[in-house]
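The residues making up each chain are set out below.
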Amino acid sequence: MPTHKIPLKPIREKFLVFGNPLIEDQEIQEITDSLKSGWIGTGPKVHKFEEMFRQYKGTQYAMALNSCTAALHLSLISIGIHHGDEVIVPAMTFASSANAIIHAGGIPVFVDCHKDTMNMDPVDIKAKINSKTRAIIVVHFAGRPCEMDAITSIAEEHNLKIVEDCAHTIEAQFRGKHTGLFGEIGCFSFYVTKNIITGEGGMAITNNPQYADKIKIMGLHGMSKDAWKRFSDDGYKHYEVVYAGFKYNMMDIQAAIGIHQLPRIDAYHEKREYIWNRYNQAFKDLPVFIPAPIPDYIKHSYHLYTLMIDIDRLKISRDKFLGEMTRHNIGVGVHYIALHLHPYYQETYGYRRGDFPNAEWISDRTLSLPISPKLTQSDIDDVIDTVTHIINNSL
Ligand SMILES: *Cc1c(COP(=O)(O)O)cnc(C)c1O
């Protein structure tokens, strides 16, 4: 072993946290204001954040919830997914895209993705449709909108409903149209690593008043509309329970962060784009796969910068690469190990390695680099130097 090639000292001294959110003074002031006001549950700030998000996306209704997972679950209930209904979802996604189907009583049916864009493959969607198929969960991966022309026409042809998992694509657009507006309902996440954050938090958007009502009611114990106002100065009002609902409401403490993050979304987007281009430039000639080029009819949200290690040309596995990055104090992520490789889905639905070759190819090679707007120039340089160093030591 040529140990002299591996420096004992990490390239970077202080650990760079992956997906570190940028939190500014306004949020801190706003949370303090909420705490002092005593109104910390669902109140006026949640209402304000919903209204701001509704206008930002150009939709009729926006319902703030405590997560994107909650939004997906309520969306599937609202569109009428029942016991035994099949819902198509990519194998290359986060677990909650599929778990939401199971919680609604449905069966997740996985499809493969493209190797380059990592987005679900319309050809495989078509192949998985049968008489039990009711809906498609479209996941816009890493910030890149899916091929919505093809997917919406398949859905129309087979009378399937679309729910969009827009956890990666708050600001993305396809042919000038915002993600979240292509299907019945669009679901968003403000989890700590997402493009704007509320700590935990999510949003469902729709143009359908029935879905909007159902999501509102089901998200708060199944209590009749505007139950959250019952302690307001309008006077006490009785509520009625009309469904066995869930406890999925967002709090004002969370919305206090969101109402200051959302106006900065374009500034954050610009910073992410800058980091993305720096990485592309630095890595384009190395034995790695960089993200697919972005066509001009797409607005990418640059949520994840995924680097794929060319394990056939390098003497290092992806997992060893992750270990080296961490050793040099650079935080990394893996998005994702495909769902059909996890024990639950294998044991419950009989999925096996080999079922989705492209999702597996990505699972074995991918790693996500820090791309938060909080990164400084020297943070970006450290990431580039570390990746380059590890690769040069693995040739
Ligand atoms: C983060 C994420 C979710 C879940 O979001 P939460 O707000 O944490 O529930 C769902 N789908 C995808 C693709 C995600 O990345």
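Parameters and conventions
- Residues numbered from 1 in each chain as written.
- Predicted model: local features only at pLDDT ≥ 70, side-chain atom pairs only at ≥ 80, totals over all residues.
- Heavy atoms only, no water.
- Domains from an automatic or database assignment.
- Contact = heavy atoms within 4.5 Å.
- Buried area = accessible area lost by both parts, 1.4 Å probe.
- Salt bridge = Lys/Arg side-chain N within 4 Å of Asp/Glu carboxyl O.
- Buried < 20%, exposed > 50% of the residue type's maximum accessible area, 1.4 Å probe, protein only.
- Phe/Tyr/Trp six-rings, centres within 6.5 Å; stacked < 30°, edge-to-face > 60°.
- Helix = DSSP H or I, 4+ residues; strand = E, 2+ residues; numbered from the N terminus.
- Lys NZ or Arg CZ within 6 Å of the ring centre and 35° of its normal.
- Pairing = 2+ DSSP bridges.
- Near = heavy atom within 4 Å.
- Polar contact = N/O pair within 3.5 Å; in protein donor to acceptor, adjacent residues only side chain to side chain.
- Areas by Shrake-Rupley, 256 points an atom, 1.4 Å probe, with all protein chains shown as cover.
- Nonpolar A, V, L, I, M, F, W, Y, C, P; charged D, E, K, R; others polar.
- Disulfide = S-S within 2.5 Å.
- Right-handed = clockwise from strand over helix to strand, strands pointing away.
- Axes fitted to C-alpha atoms, helices over the stretch in contact; angles between N-to-C directions.
- Parallel < 35°, antiparallel > 145°, perpendicular 65-115°, else oblique.
- Left-handed = near helix turned anticlockwise from the far one by under 90°.
- Core = buried A, V, L, I, M, F, W, Y, C linked by side-chain atoms within 4.5 Å.

1. Re the domain arrangement of the protein chain
And step 1. Under the domain assignment, the protein chain is made up of domain 1 (6-21 + 265-392) and domain 2 (25-264).
And step 2. Relative placement of domain 1 and domain 2: their C-alpha centres are 26 Å apart.
And step 3. Across the boundary between the two partners, domain 1 contributes 39 residues, which contact 48 residues of domain 2.
And step 4. Across the domain 1 to domain 2 interface the summed buried area is about 3,700 Å²; carbon plus sulfur atoms make up 63%.
And step 5. Broken down residue by residue, the surface that domain 1 buries against domain 2 is led by I265, H303 and Y336, which jointly contribute 21%.

2. Regarding the pattern of salt bridges
And step 1. Counted by the stated rule, this structure contains 18 salt bridges.
And step 2. A salt bridge links D310 to R313; its shortest N-O distance comes to 3.4 Å.
And step 3. Its relative accessible area of 7% is what places D310 among the buried residues.
And step 4. Taking the relative accessible area as the measure of exposure, R313 reaches 59% and is therefore exposed.
And step 5. Linked by salt bridges that have partners in common, R12, D379 and D382 make up one network.

3. Overview of the packing of aromatic side chains
And step 1. Taken as a whole, this structure holds 23 aromatic pairs when the rule is applied.
And step 2. Arranged with centres 5.0 Å apart and planes meeting at 70 degrees, the rings of Y279 and Y305 form a pair that is edge-to-face. Of this pair, Y279 sits in helix α9 (residues 265-283) while Y305 sits in strand β12 (residues 305-309), and the two are 26 residues apart along the sequence. Across the pair, Y305 and Y279 agree in class, each one buried.
And step 3. Here Y344 and Y349 contribute two aromatic rings whose centre-to-centre distance is 6.4 Å and whose plane-to-plane angle is 80 degrees, an arrangement assigned as edge-to-face.
And step 4. Here the aromatic residues F110, Y344, Y345, Y349, Y351 and F356 are joined through ring pairs into a cluster of three or more.
And step 5. Stacked on the ring of W361, the Lys or Arg K115 has its end atom at 4.6 Å from the ring centre.
And step 6. The ring of F182 is capped by K177, whose NZ or CZ atom sits 4.7 Å from the centre of that ring.

4. A word on the sheet that holds strand β6 (residues 173-174)
To summarise the sheet geometry, strands pair through backbone hydrogen bonds and adopt either a parallel or an antiparallel arrangement.
And step 1. If you walk across this open sheet you meet the 3 strands as β7-β6-β11, and the pairing is antiparallel. Here the strands that pair on one side only, and so sit at the sheet edges, are β7 (177-178) and β11 (298-299).
And step 2. Where β6 lies against β7, 2 bridges are found, and the strand directions are antiparallel. If you follow Q173 over to β7, its bridge partner there is H178.

5. Some thoughts on the site of the ligand
And step 1. In the vicinity of the ligand there are 16 residues, among which T69, D165, H168, S189 and K194 approach most closely.
And step 2. At 2.7 Å, a side-chain N or O of S189 approaches an oxygen atom of the ligand.
And step 3. K194 has a polar side-chain atom sitting 2.8 Å from an oxygen atom of the ligand.
And step 4. Burial of the ligand by the surrounding chains reaches 93%, relative to a free accessible area of 380 Å².
And step 5. Mapped onto the shell around the ligand, the elements with two or more residues apiece are α3 (68-78) and α4 (95-103).
And step 6. For the shell around the ligand, the class distribution of residues is 6 nonpolar, 8 polar and 2 charged.

6. Let's talk about the state of the cysteines
And step 1. Counting across every chain of the model gives 0 disulfides.
And step 2. The cysteine C113 is free of any disulfide, with C146 supplying the nearest cysteine sulfur at 9.9 Å.
And step 3. Take C113: its relative accessible area is 2%, and that puts it in the buried class.

7. Let's talk about the pairing of strand β4 (residues 133-139)
And step 1. For β4, the tally of buried residues reaches 6 of 7 residues, placing the bulk of the element in the interior.
And step 2. Here strand β2 (residues 86-90) pairs with β4 via 3 bridges, running parallel. What sits directly across from I88, in β4, is I136.
And step 3. One ladder, built from 5 bridges, connects β4 with strand β5 (residues 161-165); its direction is parallel. Residue pairing for β5: A135 is matched across the bridge by K161.
And step 4. Handedness of the β4-helix α6 (residues 148-157)-β5 crossover: right-handed.

8. Remarks on the packing of helix α2 (residues 44-57) against helix α8 (residues 252-261)
Packed helices, taken two at a time, are described by the angle their axes make and the gap between the axes.
And step 1. Across the interface, α2 lies against α8 with an axial gap of 8 Å and an inter-helix angle of 40 degrees. Between α2 and α8, the angle falls in the class oblique. Here α2 runs over α8; the crossing is left-handed. Every residue of α8 that contacts α2 at P44, K45, V46, K48, F49 and M52 is listed here: D252, A255, A256, G258 and I259.

9. Quick look at the nonpolar core
And step 1. Within the largest apolar cluster, 50 residues are counted, with the highest numbers of intra-cluster contacts made by L65, L76, I79, M92 and F110.
And step 2. Elements represented by at least two residues in this core include exactly β1 (61-65), α3, β2, α4, β4, β8 (185-189), α7 (209-218) and α12 (357-365).
And step 3. For this core, the element with the most residues is α3, which contributes 7 residues.
And step 4. Leave out the neighbours within four places in its chain, and I79 touches A135, K161, V163, E184, I185 and Y211.
And step 5. In this structure, Y305, L367, L375 and I391 belong to the second largest nonpolar core, which totals 27 residues.

10. Re the side chain of H260
And step 1. For H260, the location among the structural elements is in helix α8.
And step 2. At a separation of 2.6 Å, a polar atom in the side chain of H260 contacts the side chain of E30.
And step 3. In this view, H260 contacts Q26, E27 and E30; residues no more than four positions away in its chain are not counted.

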